[in-house]
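Structural overview
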Amino acid sequence: MALYFKLRSDCFLVGGENDAVVYDAPRGRIFLLDEGAYKILLSCEHNKPLGDWLGDSGMHLLNTLQDLGLGLFDPDAAYVDKLLVHQPIDWKGMGLVAPKFLKVDWAITNQCNLNCAFCGKFDRTISWQGCQTCLRRDRDTQSQWSPDCPEDFMGQIADLGIQTLHIRGADPALAWDYLLRVLQAARQTLLDVTITTPGVGQDIDALLTLCSEGQVRLNIVMFGIDDGTVSATCGEPNILAHQLALVDALSDRHLPFFLTFMLTHTTNLQRDKILAFVQDRWQCVPSFAEVYFKESIDRGFRLTHTDNNMKPLTRWRSLEEFFFRIRNNNCLFGNFEVSSDGNLRSCAGISRVLGDIANDGLPTALSGNALYDMWGRCKEGMQPCNRCALRYACIDCSVFELEGENDENIKEAYCPHDPSRGAVRAYRKNWAPADFAMTLKLGEEDTGR
Ligand code: SF4
Ligand code: SF4
Ligand code: SF4
């Protein structure tokens, strides 16, 4: 009697140019396959009856898969419905749904008292997680734009059903009266408000009053934890003492705050030291953003998260998120930026202009397709990630993909893995987290390196 083996309907075999991975969607884990294991599973998925062609190691592999809950033996050829593929209406774009707005980044000013060498030089730099920082697009005060009536503009934002308003700059505290009007209007809404600021544009007591009612939290952008580094990075003396006093005051009063350290090619080796300092002083974990001159990347600088020359993978938290990742980008979806030059963009890190808010107004700027096309960008459409079997296990800031498309140096700066045929195969590497990315081998040496 014939016998077949099938992966469960919620486990997916995904092939790349050089690698293959089984995605266990409900349990949130992946199994990197060697070439032999991939060939066997592919044949099984094509309903090839089991037989001598499997050998002992092949049968052992299938038994292991069954023990892991990834598949099952069956006396009938099984035409398992994969959860994903039976959505032709969605795939064809025929299901019209209203855009789901989640967050707006609003750069209310491009003014700043500090003088970071990399700031405002979008043509010469590339940033990672720049949306969490005060990095500005330009330093030309003449081109600054903000809506004449922030109260009306806030009403339009609230009408979109947005949950989070992120006010950024440069330094929003330098547009103090305007900022207070925006916050007053926000009080009439349920918006969560974050203000990203280097924290030096106002005195500390004034900044503390912004977050005293619980709706607003400050995200302080810092540059280091010693005077020499901070002065050299932001071009001004005595900044660190002011920032430390501000964060001490927030912490002492139990007011909500975030910290984002902006690393550069001269400070990126201090990441661990900064982490330990923040945990010791304020018992919290800071975020990191990075900005590099493109020539540093060409000289071989790599982002700090590529520890041990490996890019960390990211576990999905639900089935819904797993399917979401296949077609969308986590960080871009639902977001837009109101830039201080009056343009609509998807976020602070991506320079592409998607609409003209200053001249056309917010509703018209949002009525085109450009923003929603950006929300739909995912690794399926990006080189070389669309050739990588890990593409649904790997999410990240998209700046390095979108701003550095077709630039090998830039791609390598955020992920050293090469998915091309003939490169070192993914299953031979130690991916993190280890309990998320595991290996299944046939046990025979494959022909790859
Ligand atoms: S503190 Fe922020 S806004 Fe000011 S110069 Fe530095 S990066 Fe730019
Ligand atoms: S960044 Fe691209 S090439 Fe690197 S692991 Fe992720 S999907 Fe693969
Ligand atoms: S691509 Fe995502 S993480 Fe990167 S700057 Fe834009 S929104 Fe932020």
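Our subject is the structure listed above.
Residues numbered from 1 in each chain as written. Chains lettered and ligands numbered in written order. Predicted model: local features only at pLDDT ≥ 70, side-chain atom pairs only at ≥ 80, totals over all residues. Heavy atoms only, no water.

**Overview of the overall build of the protein chain**
Applicable threshold: Only runs of H or I of at least four residues qualify as helices and only runs of E of at least two qualify as strands under DSSP, and these elements are numbered from the N terminus. Every radius of gyration here is taken over C-alpha atoms, with the globule rule written as 2.2 Å times N^0.38, N being the number of residues. Only protein chains enter the area calculation, which uses a 1.4 Å probe; residues under 20% of their type maximum are buried, those over 50% are exposed, and those in between are partly exposed. Between two residues, a contact is recorded if the distance between any of their heavy atoms is within 4.5 Å. The Shrake-Rupley method, run with a 1.4 Å probe sphere, supplies the accessible areas, and residue values consider only the shown protein chains as cover.
For the protein chain, the helix and strand inventory stands at 16 helices and 16 strands. Here the protein chain has a C-alpha radius of gyration of 25 Å; the compact-globule value for 449 residues is 22 Å, and the two agree. Looking at the protein chain as a whole, 53% of its 449 residues are labelled buried. Of the contacts formed within the protein chain by residues at least 6 apart in sequence, a portion of 73% connects residues at least 24 apart. Carbon and sulfur atoms make up 49% of the accessible area of the protein chain, which amounts to about 20,000 Å² in all.

**Topic: the side chain of S340**
Tracing the sequence through the fold places S340 in the loop between β13 (335–338) and β14 (343–345). Of the residues examined, S340 reaches a relative accessible area of 7% and is grouped as buried. The contacts of S340, once residues within four sequence positions are left out, are A107, T109, N110, S143, Q144 and W145.

**Some details on the site of ligand 3**
Put simply, the rule is: Neighbouring residues are identified by heavy atoms, a residue being near a molecule or strand if any of them is within 4 Å of it. Classes in brief: Ala, Val, Leu, Ile, Met, Phe, Trp, Tyr, Cys and Pro nonpolar; Asp, Glu, Lys and Arg charged; the others, Gly included, polar.
In the vicinity of ligand 3, the residues found are Q129, G130, C131, C331, L332, C347, G349, C397, S398 and V399. For the shell around ligand 3, a count of residues per class yields six nonpolar, four polar and no charged.

**A word on the nonpolar core**
Our working definition: Throughout this description, the term nonpolar core refers to a set of buried Ala, Val, Leu, Ile, Met, Phe, Trp, Tyr and Cys residues connected via side-chain atoms within 4.5 Å.
Of all hydrophobic cores here, the largest spans 94 residues; its most connected members are W106, L165, F336 and F400. When residues no more than four places from it in sequence are discounted, the contact partners of W106 are P147, P150, F153, M154, I157, L165, H166, I167, R168, Y178, V182 and V338. Counting 24 residues, the second-largest nonpolar core is a separate cluster that includes V14, Y23, M310 and Y427.

**Observations regarding the sheet that holds strand β7 (residues 125–128)**
Our working definition: Whether two strands pair depends on DSSP finding at least two bridges between them. Note on geometry: axes are lines fitted to C-alpha atoms, helical ones only across the stretch in contact, with angles between N-to-C directions running from 0 to 180 degrees.
Strand order across the open sheet formed by 10 strands is β7-β12-β11-β10-β9-β8-β6-β13-β14-β15, with mixed pairing between neighbours. One side of each edge strand has no neighbouring strand; the edge strands of this open sheet are β7 and β15 (355–356). Sheet topology note: the β14/β15 ladder contains two bridges and is antiparallel. By the bridge assignment for β15, L344 is matched with G355. Helix α9 (residues 271–282) rests against β10 (216–222), β11 (257–263) and β12 (287–293) of the sheet, and its axis sits at about 160° to β11.

**Comments concerning the environment of Q383**
Here is the rule we go by: As used in this structure description, the phrase polar contact means that two N or O atoms lie within 3.5 Å; if the pair is within protein, one of them must be able to donate a hydrogen and the other to accept it, and residues adjacent in sequence are counted only when both atoms belong to side chains.
Tracing the sequence through the fold places Q383 in the loop between α14 (370–375) and α15 (399–402). Judged by its relative accessible area of 44%, Q383 falls in the partly exposed class. For the pair Q383 and K411, spaced 28 residues apart in sequence, the C-alpha separation works out to 9.3 Å. At 2.9 Å, the side chain of Q383 forms a polar contact with the side chain of R387.

**What about the environment of F301?**
Within the secondary structure, F301 is located in the loop between α10 (294–298) and α11 (319–327). Take F301: its relative accessible area is 25%, and that puts it in the partly exposed class. Distance from F301 to H265, taken between C-alpha atoms, is 7.1 Å for residues 36 residues apart in sequence. Among residues more than four places away in sequence, those in contact with F301 are H265, N268, Y292, S296 and A413.

Remember, this is a structural readout, not a statement about activity or role.
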